[in-house]
Amino acid sequence: HSTEVRRADGYCAMAGKQKISYFYDPDVGNFYYGQGHPMKPHRVRMTHNLLLHYGIYKEMEVFRPALASAEDMTQFHSDEYIEFLRLITPDNQHEHMRQLKRFNCAEDCPVFDGLFNFCQIYTGGSVGGAVRLNHKQTDTVVNWAGGLHHAKKNEASGFCYVNDIVLAILELLKVHQRVLYIDIDIHHGDGVEEAFYTTDRVMTVSFHKFGEYFPGTGHLQDVGQHRGKYYSVNVPLKDGIDDESYTLLFKPIMAKVMEMYAPDAVVFQSGADSLTGDRLGCFNLSIRGHAECLKYMTTFQVPMLVLGGGGYTIRNVARCWTYETGCLLGHELEDKMPVNDYSEYFGPTHTLQISPSNMENQNTPEYLEGVRNRVLESLSKIPPKPSVPFHDVPPDAIPLDAMEVQEDPDQRGGGAEAEGARRAHHSEMEPDEGDRDDKPSRFDGPAVEEVKVAGGDVGGATSAGGPEAQAKIEGTPPAPAAKSQDVKAEGAAAAVCADGTGASAEGETTAAAAAAVNAAGDLALSARAKLGAHPKP
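Below: a short report on this structure. (Residues numbered from 1 in each chain as written. Predicted model: local features only at pLDDT ≥ 70, side-chain atom pairs only at ≥ 80, totals over all residues. Heavy atoms only, no water.)

1. Some remarks on the pairing of strand β3 (residues 20-23)
Formally: Buried residues are those whose accessible area, probed at 1.4 Å on protein chains only, stays under 20% of the maximum for their type, while exposed residues exceed 50% and partly exposed ones sit between those limits. In this text, helices come from DSSP runs of H or I with a minimum length of four residues, and strands from runs of E with a minimum of two, each type numbered from the N-terminal end. Note on pairing: DSSP must find at least two bridges between two strands before they are called paired. By convention, a crossover is right-handed whenever its connection, traced from the first strand over the helix to the second and viewed with the strands pointing away, goes clockwise.
Neither face of β3 is open: one carries Ile20 and Tyr22, the other Ser21 and Phe23, and all of them are buried. Alignment of β3 against strand β5 (residues 140-143), held across three bridges, turns out to be parallel. By the bridge assignment for β5, isoleucine 20 is matched with threonine 140. Note that β3 and strand β4 (residues 61-64) share three bridges and pair parallel. Note on β4: the bridge partner recorded for phenylalanine 23 is phenylalanine 63. Chirality of the crossover, the property in question, places the unit of β3, helix α1 (residues 42-54) and β4 among those that are right-handed.

Next comes the structure, spelled out in structure tokens:
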């Protein structure tokens, strides 16, 4: 067991071997979004198989997650939406066209066989992991199947149906006063930010591509509202960012976050679509550069839930998450990959690491400095260590004894039957160079109309999936539905408030009087109110 050591920055570091819990369900790789769809759950099975063949799974507690129930999911999502997910199938969907449109289940978010079971599995891993952290049964939890950060209270979005991250954070808030959410997916973590936009119990920090890119949110000036003002942090980036530039932003910003916010737990979304060569991405990070962010956060020795997310060149997703699991265990894995069940994916190099491309880095030193200074300035405005009058701890969403320990994980990462099911889907193989989907999706065309302004309110409107369900954490009634355009400010007034009395009455806008000019020149502000659910070419 570990012993506490107080660091110079005030954190209680845990000396000694860290305990890692790993959640995996061998069925997860069988789910199939459909031909040509870039989201492939099979990548999680590929990751698991690499972990087995590298031998490092033996150093973790391996769990098969208990399935999250519909009731678990409605701690955040609406009853109507979850009931829809539970009942809709490819066979009956033609009878429910109005609901398909209402809940945004088309194109990006198709109805496929076993959809609800898929949601139960990946959500069960994240919420179950949070329960283990709450009970101090582990130091770090890994659930590569989780991290679906776009799902809203009342609709699917961006390949995501149930927001396992929001549900896991709500679980952590039963025990932890302050939870930090970090998102290094190339896409803005809009679903999680929106859910906690008006509370100081959760700080969200998202590093993402901004400008004509899905989902169109995550402007530098979006900092939270009411009690949550300055507790949403957005770091907008441009095409081609490399390891050095990313680290120049990530480390000083996260050091300041940890100094000012001092979270009791961290949720880390490790979306791998920010890697070089991603099928949908436009960044230029190496696997080591991506992993450096996770390694840096482990130095603070705060209980952490590590999740997957995006990632669409699946051979590189498996490489990345395998390497990052090794990092969590303190290993620098050998670059030459062991022979594994999916070796054909990793040729011709059969190496774990990948080389960045020669694409142009559009993030100039002046731009990076301007973004860093603006973010650090906002962070300096939050009061250190907000206090929360604590409460009786609600029961666990998923009982500890419901998580099945896998003493001897299936060496095939799903077994011969699952392998056969995988082989039935030829589209699971890596697409040819330049292969594109035949339907418009979140990576096609401009996501947002750009306007240049000097200041004023740029909060705009987002999906009306506000976080009313969060009020359950404090026993307060949910806020009434938003009627104004400013959904974030009005739709969650009572959400997770520190004193249970509702959000403060300050009427400040997200970006009141903020100048949109920094060292890189005018920043383009998004007209988010005009953003559609599905950007079209």
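2. Quick word on the packing of aromatic side chains
Note the cut-off: Side-chain rings of Phe, Tyr and Trp, where Trp is taken by its six-membered ring, are said to pair if the distance between their centres is within 6.5 Å; with planes under 30 degrees apart they count as stacked, over 60 as edge-to-face, and otherwise as tilted.
Within the structure shown, the criterion is met by 19 aromatic pairs. Each ring, one from phenylalanine 250 and one from tyrosine 296, has its centre 6.5 Å from the other, and the planes form 75°; the classification is edge-to-face. Here phenylalanine 250, found in helix α8 (residues 243-261), pairs with tyrosine 296, found in helix α9 (residues 287-298); they are 46 residues apart in sequence, far enough to count as distant. Accessibility classification places phenylalanine 250 together with tyrosine 296 in one group, the buried group. Each ring, one from tyrosine 342 and one from tyrosine 345, has its centre 6.2 Å from the other, and the planes form 80°; the classification is edge-to-face. No difference in accessibility class separates tyrosine 342 from tyrosine 345, as the two residues are buried. Three or more aromatic residues link up through ring pairs in this structure, and these residues are Phe31, Tyr33, Phe112, Phe118, Tyr122 and Tyr161.

3. Observations concerning the packing of α8 against helix α11 (residues 365-379)
Each pair of packed helices can be summarised by the angle the axes make with each other and by the distance between the axes. Counted only if it meets this: Lines are fitted to the C-alpha atoms to define the axes, a helix being fitted only along its stretch in contact, and any angle between axes, read from their N-to-C directions, falls within 0 to 180 degrees. Reported orientations rely on four angle classes, namely roughly parallel under 35 degrees, roughly antiparallel over 145, roughly perpendicular from 65 to 115, and oblique for the rest. When checking whether two residues touch, look at their non-hydrogen atoms; a contact exists if any pair is within 4.5 Å. Residues are grouped as follows: nonpolar covers Ala, Val, Leu, Ile, Met, Phe, Trp, Tyr, Cys and Pro; charged covers Asp, Glu, Lys and Arg; every other residue, Gly included, is treated as polar.
Contact pair α8 / α11: the axes reach a minimum separation of 10 Å and the direction vectors enclose 5°. Our classification of the angle between α8 and α11 gives roughly parallel. In contact with Ser245, Leu248, Leu249, Pro252, Ile253, Lys256, Val257 and Met260 of α8, α11 contributes Leu368, Val371, Arg372, Val375, Leu376 and Leu379. For the contact of α8 with α11, the per-class residue count stands at 11 nonpolar, one polar and two charged.

4. With respect to the sheet that holds strand β7 (residues 202-209)
The strand order across the open sheet formed by nine strands is β8-β7-β6-β9-β10-β5-β3-β4-β11, and the pairing between neighbours is mixed. Since the sheet does not close on itself, it has two edges, and those belong to β8 (232-237) and β11 (404-405), each with one partner.

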